[in-house]
2 protein chains.
Amino acid sequence: MIRRNVLVLPLLMVACVLGLACNVHAEEEYPLENMPMPAHVERGQGEFGVDGSFGVALEGYREPRLERARQRFLDRLSQETGIPLWRAAVENKANFTIRTAGASKAVQQLGEDESYHLAITTTSVQLTASNPLGVLRGLDTFLQLVRITPRGFSVPVVVIDDNPRFPWRGLLIDSGHRFIPVPDVERNLDGMETVKLNVFHWRFADDQGFHIESKRYPLLQKKGSGGFYYTQEEVREVITYARDRGIRVVPEFDMPCHTRSWFAGYPELASGPDPKQSSAIDPTRETTYTFLAGFLGEMSSLFPDAYMHTGGDECDMKEWEGNARIHAFMEAHGIKDGAALQARFTARVQKIVAGDRKIMMGWDEVLGPDTPKDVVIESWRGPASLAEAARQGNRGVLSSGYYIDLNQSAAEHYLVDPLGENAATLTPEQKTRVLGGEATMWTDIVSHENMDNRIWPRTAAIAERLWSPEEVRDVDSMYRRLQVVSQRLEYDGLRHRIITEEMLERMSGDPDPVALRVLASVVQPPRMYERQQLRNFSDFTPLNQMDDAVPPESETAREFHEMAKRIAGGQGTPEDWQRAREWLVLWRDNDAKLQPLLARSFLTKDLAPVSRNLSQVAEIGLHALDDLQQHRAVSREVRERNIEFLKSAGKPQAVLLLMVAPSVELLVEATSTR
Amino acid sequence: MIRRNVLVLPLLMVACVLGLACNVHAEEEYPLENMPMPAHVERGQGEFGVDGSFGVALEGYREPRLERARQRFLDRLSQETGIPLWRAAVENKANFTIRTAGASKAVQQLGEDESYHLAITTTSVQLTASNPLGVLRGLDTFLQLVRITPRGFSVPVVVIDDNPRFPWRGLLIDSGHRFIPVPDVERNLDGMETVKLNVFHWRFADDQGFHIESKRYPLLQKKGSGGFYYTQEEVREVITYARDRGIRVVPEFDMPCHTRSWFAGYPELASGPDPKQSSAIDPTRETTYTFLAGFLGEMSSLFPDAYMHTGGDECDMKEWEGNARIHAFMEAHGIKDGAALQARFTARVQKIVAGDRKIMMGWDEVLGPDTPKDVVIESWRGPASLAEAARQGNRGVLSSGYYIDLNQSAAEHYLVDPLGENAATLTPEQKTRVLGGEATMWTDIVSHENMDNRIWPRTAAIAERLWSPEEVRDVDSMYRRLQVVSQRLEYDGLRHRIITEEMLERMSGDPDPVALRVLASVVQPPRMYERQQLRNFSDFTPLNQMDDAVPPESETAREFHEMAKRIAGGQGTPEDWQRAREWLVLWRDNDAKLQPLLARSFLTKDLAPVSRNLSQVAEIGLHALDDLQQHRAVSREVRERNIEFLKSAGKPQAVLLLMVAPSVELLVEATSTR
């Protein structure tokens, strides 16, 4: 049963979320830094200290998963505090009691209860939940409450009643385009747990590779993986690892297209005469369905989850329509076009999946008028298909707007709501069919090495959208808390912060590339699909350049932009003025230090004009600050020339956007002309 | 057979090592950055490019370990370059050929051949070795040769003939004082491989805990470990992991003292009436030897290495001498004192170990006139026992001088030579008994969390001392290369650089504690045993303070000191003057930014006076720079007052040394008085 009561926030809570009142009342009442923000929070006075006397007891229903959860919780709390609680807290007298009412389902179900009640007084903590899933969520909330004070580590006195807004809160990792080693997958599962995501959508194959072991059709991995694939044993380990963290694993086997790698071992599946050139399965042969029944049957046994994702996206219809044999089949059967042929294929596959007692899920192309009502639609092309599916009686999951490979800002993702846009006009009953959303980590131009810096921390903002009440949508508060959760995610071993540093060192060959770091802090890869247009990617392109290394969103540029807005709007604080000037001086002077370094490496020499532009942009910014401060009018001509330069400096160069150019433009535009 | 020809360096090589001539000849001939430096290097013209066409073939003798070594090599090369070679390079046409003549021993032996020949031309690479050990060493050398150029990644054209100076090159990890989880152990084995260390000395028990599974005496771990111990299965995994990397695993079971944790399960072993107060095994009971024979027999089967370390250090003789029952035994048997009683115990244990066909090893206390000649002595109290052992016919390993838990500088460790000091006067034959050395990572006041920042990068300098020719001892060259190897060790997953950052964030509760980082960069924990005198450590003291977080050696302070020396000596370059001034300004202004942050956390508030001192030290330094630049004489009184202040600021405060105070003192002393 799916729980989706949208809960009303107490007033105090709203204030906290908006970052307003909480820290006004008393020194003690700082705003909560949790992400996702819990649904109901009641603050009290005082704090509960976390020190060497901390002790945790399990009460009520017990199972090994709860013991492991406690141990993981203590390991993490030890990391957060540096106090070796991992050993002591099991033996100490308990001041933290975890009470579990009963078991959760043997296989985690969509919509299973994840609610919990967390009551913290100055002397004790009580965490209660109806099943282990709620315990997991509550433990993560507690970990995010821990902070340091002049008196020690502590959590505030608080009562939290929390449950998720949506039951499907996913992260897709695409192990099809590129193989992602198990440890890289697992640390991201740790990150998912921290932000309460509960579906790991694991995609195994694409044209580039087939990366999972089939025992029934072993040539799939033997010929299609280049030697890198997950054994079934490893898959089972990951499923157990995920279950321990309250995460379902939904596998995807994308078909009938994106399937070239299947044909290396089984060329008879291919539509075209040359399996190396074909990327679509032949939907006209009966043998295809025999194969798929065998293969999907095997995978349905391997993956315990009730859902089986069979893809269905981006078929190039020309491969079928232009193939004489397939064309003849279509004519013979009255199939009017490729889309109709795909619909016929999908219907056959749906029957196979249903025969394995699984519920089929597919990308929005699989939605048609005859789609069985239990099929779940995952929208990627836009929110329309989600609303359409819901109207038609199908459930859906939103991915459009959560494409974290496209280098959008956290704010953009954050404000996308599964029940917004087209879905806003649904009836209440139709709205219940919108199950949630999924962030999608496609790996066509991201590898296991830099994947973390695309996923985190922005996915935490998406996780909050999917967990927290609809009203929680203050962007400033989100960014403030995002920085905190980003740090905490490092305790999960996530490499989103360190990877940039490591890649800059590699690019420059310098163990401490100070000036390159300064440049890197204010550039971003271009957004959406522009990056692919500016750089020639093949499957084997090394992803070791600046646009691979820097995070999708420059924190420095965002902060500078906020300052510039305040200054240009006449609202700048003395700190704004001082900090803006310090940064502009740093950027202006950086180019002279950086140029010799850039020339030494083939991976940095193309950055020379970007660095020069930064210097000139900063120079213009400093003049603008002077003009504004001294209320000095500038010549219209100079101002126009500067704005023109800033606009051109804001355009992509070396596959990078110089993010501070538009902010300096704000400053220049605020000056007056004579 | 032990190979220990000390090889003569070709002249060019010496120049490279001293960091002099190599980069003078041509733009191409930069000095090698390898650590340890190979024994023989002949440089040629040009370079071999590492790109997507790279291919590696194994020729000659083959075994699975070599396949795994190649894969690990390719994974690492992919990390170093960002080129996805891990998959491609096995399929590509080979331009790198590895030729192995034959197998190494089934169990890695002391003194087994580790030599290799690496010949790099502009078009091909040949690595040849008599067995897989040499291949491992040669692959690591290649990885350290890779660098980035304006044309791409490449290695220089070079012929290297390399073999180690000493056959015993170890790292001790003390899993006795604190349990060190397996992943933390394993990443340090990766680091050991990178710097060609070949002995992992693994210590399992101390008074604080007994951390390995005994199947014969299970109460040892059940009662003595608090639930944290290595299963025998895990131990076997680590041994395999080490063997893959050419590393022997020598276990240590320290006895008869440091053994309180044994008594939790087996109180009858204790010397004293209260096993909780006793830390020495009772050497007077026959049942003790029955137990030890059983236990050591089990461990001798578990660990394949030929050596068994039975400790023997730091016995508090009073526990025996003051015990009436034991005293009576000593009188009855004509044992004059505790030392004689220990010698009798050691002789019994040695017979047990020999009966298990193992060679006994022990700390220098076990050396006596009757010690059998095959017993290996590990010196910890000083180099004297090593020389004494060698004179007496015993072999020895040097640890004194390599105590990396004591926060000495890399230079101090680097200049300690196993054949220096007392050993320098040994005969050539006696010298062959000095097998090498071991860096010792004691964990009484270091945990698995910050262990990496104590071990690395300084242990790389010790590794070079033990591998490279005696003549390689230029400290400036060492520090230059140490910074490079420190970066490369991050590819092994070592956390020595990131841990400081993470701990500063935790201490401050600030996700980006800029000003705290500035302070942290110029302080160090006090050296040797002074830290223990200044801070009250118990077994459960959280290790989460500044002296736990910062590296044992401040790189910034070391660089500043070099600059200050040049400036004070009239040799300062314009860059020295500019950089010194920039740093001093940064430090002077840091306190105002830092104080509000420090007040917010109980882990930082004690740093307030250290921060204030830094500011004042910098202020004095800036005045001194001005005085020196303007040749301005200062009053004797002011100068004396400043020097007095600098001396006091250089003393430990909050368990920290402000490392730049003595450097500023140099500047002040260089000014003239009126």
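Residues numbered from 1 in each chain as written. Chains lettered and ligands numbered in written order. Predicted model: local features only at pLDDT ≥ 70, side-chain atom pairs only at ≥ 80, totals over all residues. Heavy atoms only, no water.

**Q** How would you summarise the overall build of chain A if you had to cite specific residues and measurements?
**A** Looking only at helices and strands, chain A features 28 helices and 19 strands. Radius of gyration (C-alpha) of chain A: 27 Å, near the 26 Å computed for a compact globule of 674 residues. On the principal axes, the C-alpha backbone points of chain A span a range of 80 × 65 × 50 Å. Residue burial in chain A is summarised as follows: out of 674 residues, 62% are buried. Sequence-distant contacts, at least 24 apart, represent 73% of the contacts inside chain A between residues at least 6 apart. As displayed, chain A has an accessible area near 24,600 Å², and 53% of this comes from carbon and sulfur atoms. For chain A, the centre of its 78 positive side-chain charges and the centre of its 96 negative side-chain charges are spaced 1 Å apart. (Helix = DSSP H or I, 4+ residues; strand = E, 2+ residues; numbered from the N terminus. Rg over C-alpha atoms; globule rule 2.2 N^0.38 Å. Buried < 20%, exposed > 50% of the residue type's maximum accessible area, 1.4 Å probe, protein only. Contact = heavy atoms within 4.5 Å. Areas by Shrake-Rupley, 256 points an atom, 1.4 Å probe, with all protein chains shown as cover. Lys, Arg positive; Asp, Glu negative; His and termini not counted. Charge placed at Lys NZ, Arg CZ, Asp CG, Glu CD.)

**Q** Outline helix 28 (residues 661-670) of chain A, supporting the account with residue identities and numerical values.
**A** Working note: α-helix, 3.6 residues per turn, so residues spaced by three or four point in the same direction. For helix 28 of chain A, the complete set of buried residues consists of Ala661, Ser663, Val664, Glu665, Leu667 and Val668 of chain A. Contacts made by the buried residues of helix 28 of chain A are with helix 24 (555-568), helix 25 (574-598), helix 26 (608-629), helix 27 (636-649) and strand 19 (657-658) of chain A.

**Q** Can you lay out the relation of the copies chain B and chain A for me, pointing to particular residues and giving the numbers?
**A** Overlaying chain B on chain A yields an RMSD of 0.0 Å, the required transformation being a rotation through 180° with an accompanying axial translation of 0.0 Å. Taken together, the rotation and translation describe the operation of a two-fold axis. Relative to the rotation axis, the C-alpha of Ile498 of chain B is the closest in chain B, positioned 3.9 Å from it. By residue overlap, the copies meet face to face through one surface: 100% of the interface positions of chain B are interface positions in chain A. (Least-squares fit on C-alpha atoms with pLDDT ≥ 70 in both.)

**Q** Lay out the domain arrangement of chain A with the relevant residues and their values.
**A** Residue and element names in this part refer to chain A. On domain assignment, one finds that chain A holds domain 1 (2-162), domain 2 (168-496) and domain 3 (500-670). Each partner contributes residues to the interface: domain 1 has 41 residues there, and domain 2 has 42 residues. Surface buried jointly by domain 1 and domain 2 totals about 3,700 Å² across both partners, of which 51% is contributed by carbon and sulfur atoms. On the domain 1 side of the contact with domain 2, Met35, Pro36 and Leu110 bury the most area, a combined 20% of that side's loss. Between the two partners, domain 1 and domain 2, sit 5 salt bridges. Note that Arg169 and Glu114 form a salt bridge whose closest N and O atoms lie 2.7 Å from each other. Across the contact surface, domain 1 and domain 2 share 25 residue pairs in polar contact (both at pLDDT 80 or more). Mapped by element, the contributors of at least two residues to the side of domain 1 that touches domain 2 are helix 1 (11-17), helix 3 (64-81) and helix 5 (132-145). (Domains from an automatic or database assignment. Buried area = accessible area lost by both parts, 1.4 Å probe. Salt bridge = Lys/Arg side-chain N within 4 Å of Asp/Glu carboxyl O. Polar contact = N/O pair within 3.5 Å; in protein donor to acceptor, adjacent residues only side chain to side chain.)

**Q** For the pairing of strand 17 (residues 434-441) of chain B, give the residues involved together with the corresponding values.
**A** Residues and elements named next belong to chain B. Most of strand 17 is tucked away, with 8 of its 8 residues classed as buried. Here strand 8 (residues 168-174) runs beside strand 17; their pairing, made up of 6 bridges, is parallel. Residue pairing across strands places Leu172 opposite Thr440, the latter belonging to strand 17. Bridge analysis of strand 16 (residues 395-398) against strand 17 gives 3 bridges, and the strand direction is parallel. When the bridges of strand 17 are listed, Leu398 appears paired with Gly437. (Pairing = 2+ DSSP bridges.)

**Q** Help me get a handle on the packing of aromatic side chains, residues and values and all.
**A** Across all of its chains, the model carries 66 aromatic pairs over all chains by this definition. With 5.6 Å between their ring centres and 85° between their planes, Phe602 of chain A and Phe153 of chain B make a pair best called edge-to-face. Taken as a pair, Phe602 of chain A in the loop between helix 25 and helix 26 and Phe153 of chain B in strand 7 (residues 152-162) lie in two separate chains rather than in one. Residue classification places Phe602 of chain A among the partly exposed positions, given a relative accessible area of 27%. By relative accessible area, which is 4% here, Phe153 of chain B ends up buried. Ring centres 4.0 Å apart and planes at 35° place the aromatic pair Tyr217 of chain B and Phe291 of chain B in the tilted group. One end of the pair, Tyr217 of chain B, is in the loop between strand 11 (209-210) and helix 7 (219-224); the other, Phe291 of chain B, is in helix 10 (residues 286-302), with 74 residues separating them in the sequence. (Phe/Tyr/Trp six-rings, centres within 6.5 Å; stacked < 30°, edge-to-face > 60°.)

**Q** Go over the pattern of salt bridges, please, and point to the residues and values.
**A** What the rule picks out here adds up to 102 salt bridges over all chains. With a closest N to O distance of 2.8 Å, Asp206 of chain B and Arg203 of chain B form a salt bridge. Given a relative accessible area of 1%, Asp206 of chain B falls into the buried group. Measuring nitrogen to oxygen at the nearest pair gives 3.0 Å for the salt bridge that ties Arg535 of chain B to Asp548 of chain B. Highlighted residues: Arg535 of chain B in the loop between helix 22 (530-534) and helix 23 (546-549) and Asp548 of chain B in helix 23, separated in sequence by 13 residues. On the accessibility criterion, Arg535 of chain B (7% relative accessible area) is buried. Taking relative accessible area as the criterion, Asp548 of chain B reaches 0% and is therefore assigned buried. Here the residues in one salt-bridge network are Asp174, Arg203, Asp206, Glu252 and Asp254 of chain A, joined through shared partners.

**Q** I'd like to hear about the interface of chain B and chain A, residue by residue, with values.
**A** Each partner contributes to the interface: chain B provides 53 residues, whereas chain A provides 53 residues. Buried area between chain B and chain A, summed over both chains or domains, comes out near 3,900 Å², and the portion from carbon and sulfur atoms is 57%. Looking only at chain B, the three residues that lose the most surface to chain A are Trp86, Arg87 and Arg506 of chain B, adding up to 17% of its buried area. Applying the counting rule to chain B against chain A returns 2 salt bridges. Here Arg497 of chain A and Glu505 of chain B are joined by a salt bridge, their closest N and O atoms 2.7 Å apart. Summed over the shared surface of chain B and chain A, the result is 11 residue pairs in polar contact (both at pLDDT 80 or more). Listed by contribution, the elements that provide at least two residues to the side of chain B that touches chain A are helix 3 (64-81), helix 4 (85-91), strand 6 (147-149), strand 7, helix 19 (475-490) and helix 20 (498-508) of chain B. Considering only residue class, the side of chain B that touches chain A consists of 20 nonpolar, 19 polar and 14 charged. (Nonpolar A, V, L, I, M, F, W, Y, C, P; charged D, E, K, R; others polar.)

**Q** Kindly report on the packing of helix 3 of chain B against helix 5 (residues 132-145) of chain B, identifying the contributing residues and their values.
**A** Residues and elements named next belong to chain B. The interhelical angle for the contact between helix 3 and helix 5, taken along N-to-C directions, is 5°, at an axis separation of 11 Å. Looking at the two axes, helix 3 sits roughly parallel to helix 5. Together, Arg65, Leu66, Ala69, Arg72, Phe73, Arg76, Leu77 and Glu80 of helix 3 and Pro132, Leu133, Val135, Leu136, Leu139, Phe142 and Leu143 of helix 5 make up the contact between the two elements. Looking at the contact of helix 3 with helix 5 residue by residue, the classes come out as 11 nonpolar, no polar and 4 charged. (Axes fitted to C-alpha atoms, helices over the stretch in contact; angles between N-to-C directions. Parallel < 35°, antiparallel > 145°, perpendicular 65-115°, else oblique.)

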